[in-house]
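Overview (structure and organization)
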Amino acid sequence: MKKLNREQFIEKFKSNLEQKYVKSFEDSTKFEKYHALSDTIMDMISKDWIETNKKNKTERNAFYFSAEFLIGRSLGNNLLNLGIIDEVKDILKELDIDFDEIEDEEDDAALGNGGLGRLAACFMESGATEGLNLHGYGVRYSQGIFKQRFENGFQLEEGDSWVARGDFWSLRKESESQIVSFRNFKVKAVPYDVPVVGYENGVVNTLRLWQSEAIKNDGFDFQDFNDFRYDESVSEKNRAEDITRVLYPNDNIRQGKLLRLLQQYFFVSASLQEIVQKYKRLHPEDKNFSQFHKYHVFQLNDTHPVIAIPELIRILLDEENLSWEDAFGLATKVFAFTNHTVLQEALEKWNLDLIHEVSPRAVDIIKEIDKRLLQSLQEKGYSLEEMEPYRIVKNEMVEMAFLATYVSTSINGVAELHTIILKKETLNQWFKLYPEKFNNKTNGVTPRRWLQYANPQLTSYIDELLKSEDWKQDMTKLKGLEKFADDVKVLDKLNEIKFEKKVQLAKYIKKYEGVEIDPNSIFDIQIKRLHEYKRQLLNALHILHLYYELKANPTLDMHPVTFIFGAKAAPGYFRAKGIIKFINEISKLINNDPEINGKIKVVFIQNYRVSYAEKLFPAADVSEQISTAGKEASGTGNMKFMMNGTPTLGTMDGANVEIFREAGLENNFLFGRTEEEINELANNYNPVNIYNSDERIKRVVDALLKEEGISDDGTNHFLDIYNSLVDPKDGNRADVYYLLEDFASYVEAHKRVDEAYRDRRGYARKGLINIANSGLFSSDRTIRQYGEEIWKL
Ligand code: BZD
């Protein structure tokens with residue numbers, strides 16, 4: 001397939017350079033070349049972008065409302081999806097430019113925390129690839145997730161001014177700006193459109209991110225300035241820009257901050273106003289919006305955009321003069337809700353006073369919805385007591401998940417087990433009332449970024465084995481790889497590719513972390529946000545256990561292992577930061593112990609992010625997915641490892657359950673209690689007994705306080721962790737994530753890995769079967785299900 005006119009491309013690239021920087025090609029920097037290359041690509045997609053927009057106008061459209069889109073870099077992915085990545089690499093080589101160096105000039109667009117934000121980015125890409133009319137709407141934070149650095153083993157945070165050097169992947173659409181009215185001030189919302197390129201199909205969808213700015217004179221009041229009131233002259237500008245200044249860096253924890261609610265209201269209000277305006281322009285005859293629901297469906301990515309429900313009703317009531325019945329009736333037809341967590345501390349509740357600060361009308365409308373809900377329940381014969389669990393407003397607090405569930409046509413969980421738990425526990429009362437609304441949509445990840453782009457070596461080998469590239473359009477075709485399961489040439493080649501990716505990663509880690517790691521060791525990797533329920537601490541305690549075993553028996557027969565961690569802790573999450581320090585202390589202790597003889601190495605990479613992840617997943621031998629059963633809604637990193645041929649060492653949690661089912665337990669390493677077993681245990685769980693009766697556990701837990709080489713430098717972080725496991729304060733329960741309960745089983749699972757890895761071909765076979773059965777976890781499949789079953793596109 002010839003997609004590129006080489007001469008034209010080079011011509012355009014060079015003229016971009018000359019025009020943007022008034023420099024010759026020879027004199028330009030790597031960054032300038034990156035910029036010119038990006039602009040060349042933006043030019044190339046403009047026609048398709050216009051065409052896609054035109055087509056969407058007359059059809060039904062889905063709108064993905066999300067406070068986060070964790071995009072990462074765009075250059076490589078767009079080149080891949082345009083089908084020109086190899087050719088462009090080639091051209092650059094001819095020009096004596098190293099593509100890897102150019103692409104390293106791009107900062108990640110890190111407008112998200114973790115899984116939820118990255119899922120939104122995968123969905124956008126798969127939506128374009130599947131040719132769906134899918135529009136993303138979100139926030140253009142000036143500062144994305146903080147940059148992480150370690151100093152003396154402690155996490156330090158720095159700002160992430162990702163646009164400082166220029167954002168070349170969006171277009172500012174000044175003319176489509178909106179005014180957002182808060183209770184006591186107004187701001188201008190300016191859209192920045194990011195193109196979402198479908199995979200080799202000519203589709204370019206749009207991700208629209210809103211930026212907050214002052215309305216007048218660029219917010220800068222010259223009158224004030226001329227009157228020597230400098231402070232006042234800039235204050236309005238600052239106040240407006242504050243709204244989208246920074247992403248809140250917490251995941252899976254509620255934060256009841258006014259600014260956060262202002263952000264949420266800001267982007268949904270701007271989005272809905274714009275969408276309603278467009279509708280009126282295209283359907284001037286439909287004065288009462290009777291057809292609106294036929295053209296629109298809004299997917300709410302968790303509760304963060306749920307304030308869109310009262311906002312749409314407000315627009316219809318106050319601006320468009322609809323009746324309550326019509327406005328509310330319309331709202332009940334156009335929203336769908338995705339839940340991403342069952343952790344109680346993460347479920348959003350907003351105080352009515354705070355909502356009033358942001359939008360007084362939202363308070364009226366929410367109260368009216370609550371009132372009418374209770375009326376309707378009463379009419380159905382519910383007693384006061386029976387009505388209680390349904391109250392949307394209680395003690396002046398609004399349960400956002402309840403509001404979303406009541407109004408939406410669809411409520412979905414993100415993995416089979418998660419949806420079961422939603423139905424039987426978290427939203428059980430609502431499931432009883434509206435069973436037909438509940439459904440599961442197991443997450444997926446885009447195979448373009450996470451397999452084809454991240455692992456071109458494996459990709460071309462799959463092409464070779466399957467003698468076709470059809471699998472790139474339909475990942476279930478990977479199943480065809482199973483017939484090579486006992487072909488030693490294939491298994492050896494898979495090991496060879498894995499080794500090459502490990503060598504590449506080792507170089508990268510040497511460059512950025514200054515640590516040498518051995519690509520012949522087992523790369524055992526846990527990369528995800530730092531959270532107690534994800535149990536990085538369990539991993540750490542096990543490593544310490546191995547270390548003590550090795551100290552006691554230096555000739556212990558084990559294959560060398562490199563344990564790799566990557567994780568950011570929310571800046572205010574004290575215990576999570578303590579766990580980072582603890583792992584860094586263990587790393588220092590072990591890596592500097594000559595007696596260990598290279599048998600164990602521990603590396604905590606700094607500033608784990610999408611672009612780092614792309615190097616980690618393909619190089620992994622073990623995928624650590626060790627959350628307490630029932631706590632991880634789905635997980636998506638687990639799927640990225642699987643696609644790259646890495647067996648899972650994990651619990652029966654989230655989508656692990658489905659991974660085990662698809663690839664077989666014999667090709668993975670299951671351990672730990674099930675969700676049911678943990679529920680049974682709950683009230684009788686006594687971790688102190690385990691601590692006292694298992695010497696191995698006592699030894700590693702005590703290390704928190706007693707090991708000489710391990711210190712929290714007087715910060716009390718390690719005492720806090722110790723207490724959380726076996727000596728909780730203020731009537732709290734001990735070890736609420738069951739680390740000690742699962743410890744023995746985890747140790748044993750690692751032994752099975754060690755054993756299995758010695759049979760190098762046997763291990764490659766497990767990897768192969770995982771790849772062959774990873775088709776289910778393509779976000780193409782997920783987004784098709786949303787499109788067919790929820791959005792009815
Ligand atoms: O969403 C995650 C879940 O924890 C994962 O199990 C799941 O795979 C993904 C995608 O469905 N949730 C988050 O990432 N949540 C957040 O990042 C978040 C952010 C702000 C506020 C609350 C949660």
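Residues numbered from 1 in each chain as written. Predicted model: local features only at pLDDT ≥ 70, side-chain atom pairs only at ≥ 80, totals over all residues. Heavy atoms only, no water.

Before going further, it helps to examine the overall build of the protein. Helix and strand counts for the protein come out as 33 helices and 23 strands. Expected size for 793 residues packed as a compact globule is a radius of gyration near 28 Å; at 27 Å, the protein falls within 12% of this value. Dimensions along the principal axes, computed over C-alpha positions, put the protein at roughly 80 × 75 × 65 Å. The buried share among the 793 residues of the protein stands at 62%. When contacts within the protein are restricted to residue pairs at least 6 apart in sequence, long-range pairs at least 24 apart make up 76% of them. Of the roughly 31,100 Å² that the protein leaves accessible, carbon and sulfur atoms contribute 48%. For the protein, the separation between the mean place of its 105 positive charges and that of its 127 negative charges on side chains is 2 Å. (Helix = DSSP H or I, 4+ residues; strand = E, 2+ residues; numbered from the N terminus. Rg over C-alpha atoms; globule rule 2.2 N^0.38 Å. Buried < 20%, exposed > 50% of the residue type's maximum accessible area, 1.4 Å probe, protein only. Contact = heavy atoms within 4.5 Å. Areas by Shrake-Rupley, 256 points an atom, 1.4 Å probe, with all protein chains shown as cover. Lys, Arg positive; Asp, Glu negative; His and termini not counted. Charge placed at Lys NZ, Arg CZ, Asp CG, Glu CD.)

Before going further, it helps to examine the pattern of salt bridges. Considering all chains together, one arrives at 75 salt bridges under this definition. A salt bridge links arginine 361 to aspartate 318; the nearest nitrogen and oxygen atoms lie 2.7 Å apart. Of this pair, arginine 361 sits in helix α14 (residues 360–379) while aspartate 318 is found in helix α11 (residues 308–319), placing the two residues 43 residues apart along the sequence. Taking the relative accessible area as the measure of exposure, aspartate 318 reaches 35% and is therefore partly exposed. The residue lysine 510 makes a salt bridge to glutamate 516 at a minimum N-O spacing of 3.7 Å. Linked through salt bridges whose partners overlap, the residues forming this network are Lys173, Glu176, Asp193, Arg208, Glu274 and Lys278. (Salt bridge = Lys/Arg side-chain N within 4 Å of Asp/Glu carboxyl O.)

This next bit is on the sheet that holds strand β20 (residues 600–605). Judged by pairing direction, the sheet is parallel, and its six strands sit side by side in the order β20-β19-β18-β21-β22-β23 without closing on themselves. Whereas interior strands pair on both sides, the edge strands pair on one side only; in this sheet they are β20 and β23 (669–670). The pairing of strand β22 (residues 648–650) with β23 spans two bridges and is parallel. Across the sheet, residue glycine 650 finds its bridge partner in β23, namely leucine 670. (Pairing = 2+ DSSP bridges.)

It is worth spelling out the confidence of the model for the protein at this point. Segments scoring low in pLDDT should not have their predicted coordinates read at a detailed level. On average, residues of the protein score 96 in pLDDT, and 98% of them reach the 70 mark or higher. In the model output, the complex is listed with pTM 0.98 alongside ipTM 0.99. (pLDDT = per-residue confidence, 0-100.)

Moving on to the environment of leucine 316. One can find leucine 316 in helix α11. Considering only alpha carbons, one finds leucine 316 and leucine 546, 230 residues apart in sequence, at a separation of 63 Å. Dropping the residues within four chain positions of it, leucine 316 is found in contact with Phe289, Asn321, Leu322, Ala327 and Leu330.

Below, the discussion takes up the packing of α11 against helix α12 (residues 324–334). Packing of α11 against α12 brings their axes to within 9 Å, and their N-to-C directions diverge by 145 degrees. Here α11 and α12 pass one another in a crossing that is right-handed. In this structure, α11 uses Leu312, Ile313, Leu316 and Leu317 to contact α12, whose residues at the interface are Trp324, Ala327, Phe328, Leu330, Ala331 and Val334. Of the residues assigned to the contact of α11 with α12, the class counts are ten nonpolar, no polar and no charged. (Axes fitted to C-alpha atoms, helices over the stretch in contact; angles between N-to-C directions. Left-handed = near helix turned anticlockwise from the far one by under 90°. Nonpolar A, V, L, I, M, F, W, Y, C, P; charged D, E, K, R; others polar.)

A few words on helix α1 (residues 6–21). The terminal C-alpha atoms of α1 lie 22 Å apart, and with 16 residues this matches the ideal 22 Å at 1.5 Å per residue to within 8%. Among the residues making up α1, those that are buried are Arg6, Phe9, Ile10, Phe13, Ser15, Asn16 and Leu17. Sitting at the head of α1, asparagine 5 places a side-chain oxygen 3.2 Å from the backbone nitrogen of glutamate 7. Note on α1: the residue one or two positions beyond its end, valine 22, has a positive phi of about 45 degrees. (Expected span 1.5 Å × (residues − 1). Polar contact = N/O pair within 3.5 Å; in protein donor to acceptor, adjacent residues only side chain to side chain.)

Before going further, it helps to examine the site of the ligand. In the region of the ligand, 18 residues are neighbours, and Leu116, His340, Asn443, Glu632 and Gly635 sit closest. Separating an oxygen atom of the ligand from a backbone N or O atom of serine 634 is a distance of 3.0 Å. Within the contact set of the ligand, an oxygen atom lies 2.8 Å away from a backbone nitrogen or oxygen of glycine 635. With three residues, the single largest contributor to the shell around the ligand is helix α6 (residues 115–129). (Near = heavy atom within 4 Å.)

What follows is about the packing of aromatic side chains. This model, assessed by the stated rule, comprises 43 aromatic pairs. The interplanar angle of 45 degrees and the centroid separation of 5.8 Å between the aromatic rings of phenylalanine 63 and tyrosine 137 together place this pair among those described as tilted. Of this pair, phenylalanine 63 sits in strand β1 (residues 61–65) while tyrosine 137 sits in strand β4 (residues 134–139), and the two are 74 residues apart along the sequence. What makes phenylalanine 63 buried here is its relative accessible area of 6%. Since its relative accessible area comes to 4%, tyrosine 137 is described here as buried. Joined through ring pairs, the aromatic side chains of Phe63, Phe65, Tyr137, Phe267, Tyr279, Phe289, Phe292, Tyr295, Phe298 and Phe335 make up one cluster. Residue placement shows lysine 568 over the ring face of phenylalanine 146; its charged tip is 5.5 Å from the ring centre. (Phe/Tyr/Trp six-rings, centres within 6.5 Å; stacked < 30°, edge-to-face > 60°. Lys NZ or Arg CZ within 6 Å of the ring centre and 35° of its normal.)

You can see arginine 314 is positioned in helix α11. Beyond its immediate sequence surroundings of up to four residues, arginine 314 is in contact with Tyr265, Ser269, Glu319, Arg361 and Ile365.

With that out of the way, let us pick up the packing of helix α22 (residues 536–552) against helix α29 (residues 695–706). Viewed as axis vectors pointing N to C, α22 and α29 meet at an angle of 110 degrees, and their least axial separation amounts to 9 Å. As far as their axial angle goes, α29 and α22 are roughly perpendicular. The handedness of the crossing between α22 and α29 is right-handed. The residues of α29 that touch α22, namely those facing Leu541, Leu544, His545, Tyr548 and Glu549, are Arg696, Arg699, Val700 and Ala703. (Parallel < 35°, antiparallel > 145°, perpendicular 65-115°, else oblique.)

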